[in-house]
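Working through the structure, step by step
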Amino acid sequence: VQLQASGGGLVQPGGSLRLSCAASGSVFSINLMAWYRQIPGKPRELVAAIPDSRIPNYADSALGRFTISRDNAKNTVYLQMNSLKPEDTAAYFCRMVVATTSGTPTTYWGQGTQVTVSS
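Report follows, based on the coordinates. (Residues numbered from 1 in each chain as written. Predicted model: local features only at pLDDT ≥ 70, side-chain atom pairs only at ≥ 80, totals over all residues. Heavy atoms only, no water.)

Some remarks on the nonpolar core
Counting 28 residues, the largest nonpolar core has Trp35, Val77, Leu79, Met81, Tyr92 and Met96 as its most contacted members. Counting only elements with at least two residues in this core, the list comes to strand E1 (2–6), strand E3 (17–24), strand E4 (27–38), strand E5 (45–51), strand E7 (66–71), strand E8 (76–81), strand E9 (90–100) and strand E11 (113–117). The dominant element in this core, judged by the number of residues it contributes, is E9, at five residues. The contacts of methionine 96, once residues within four sequence positions are left out, are Leu3, Cys21, Ala23, Ile30, Leu32, Met33, Asn75, Val77, Thr106, Thr107 and Tyr108. (Core = buried A, V, L, I, M, F, W, Y, C linked by side-chain atoms within 4.5 Å. Buried < 20%, exposed > 50% of the residue type's maximum accessible area, 1.4 Å probe, protein only. Helix = DSSP H or I, 4+ residues; strand = E, 2+ residues; numbered from the N terminus. Contact = heavy atoms within 4.5 Å.)

Okay, here's the thing in structure tokens:
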């Protein structure tokens, strides 16, 4: 299983970006899809997560500005980020807990996509 993240870039404060992360390979089902972010020298932190129940949860910093969604048919998770702030600047990583055809759920990470919020 491989995760491919995309959608990062440079945006001005107040702008928007939409991140995508697609899983490929021997995917039977995906129990959890999530986005994390990391600033150099700091631990990776959860931004938002959406389980297969589709009830999402968000970090306080993301509430009201970010929306996580998933498309099970495409094995893809999205993160719509609005009203971006300079403190949102980070590398964003997707994480999925995938049940493969062998049955055991396994965590996979995407390669990270850089988001830079600056004027």
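The rest of the description comes next.
Structural notes on the pattern of salt bridges
Counted by the stated rule, this structure contains three salt bridges. Here arginine 37 and glutamate 45 are joined by a salt bridge, their closest N and O atoms 2.8 Å apart. Of the residues examined, glutamate 45 reaches a relative accessible area of 39% and is grouped as partly exposed. As a salt-bridge pair, arginine 37 and aspartate 88 come within 3.0 Å of each other at their nearest N and O atoms. Pair noted here: arginine 37 is in strand E4 and aspartate 88 is in the loop between E8 and E9, with a separation of 51 residues, a long-range link. (Salt bridge = Lys/Arg side-chain N within 4 Å of Asp/Glu carboxyl O.)

Some remarks on the sheet that holds E7
Strand order in the open sheet formed by four strands is E1-E3-E8-E7, and the pairing between neighbours is antiparallel. One side of each edge strand has no neighbouring strand; the edge strands of this open sheet are E1 and E7. Ignoring which end each strand starts from, the neighbouring axes of this sheet average 15 degrees apart. Pairing analysis gives six bridges linking E7 to E8, with the strands arranged antiparallel. (Pairing = 2+ DSSP bridges. Axes fitted to C-alpha atoms, helices over the stretch in contact; angles between N-to-C directions.)

A short note on the pairing of E11
Burial of the side chains of E11 is restricted to one face: Thr113, Val115 and Val117 are buried, whereas none of Gln114 and Thr116 on the reverse face is. Sheet analysis places strand E2 (residues 9–11) next to E11, joined by three bridges and oriented parallel. What sits directly across from glycine 9, in E11, is valine 115. With three bridges joining them, E9 and E11 adopt antiparallel strand pairing. Note on E11: the bridge partner recorded for tyrosine 92 is threonine 113.

Topic: the environment of glutamine 80
In this fold, glutamine 80 is placed in strand E8. C-alpha of glutamine 80 to C-alpha of threonine 67: the two residues are 13 residues apart in sequence and 5.1 Å apart in space. Ignoring any residue separated from it by four or fewer positions in sequence, one finds glutamine 80 in contact with Ser16, Leu17, Arg18, Arg65, Phe66 and Thr67.

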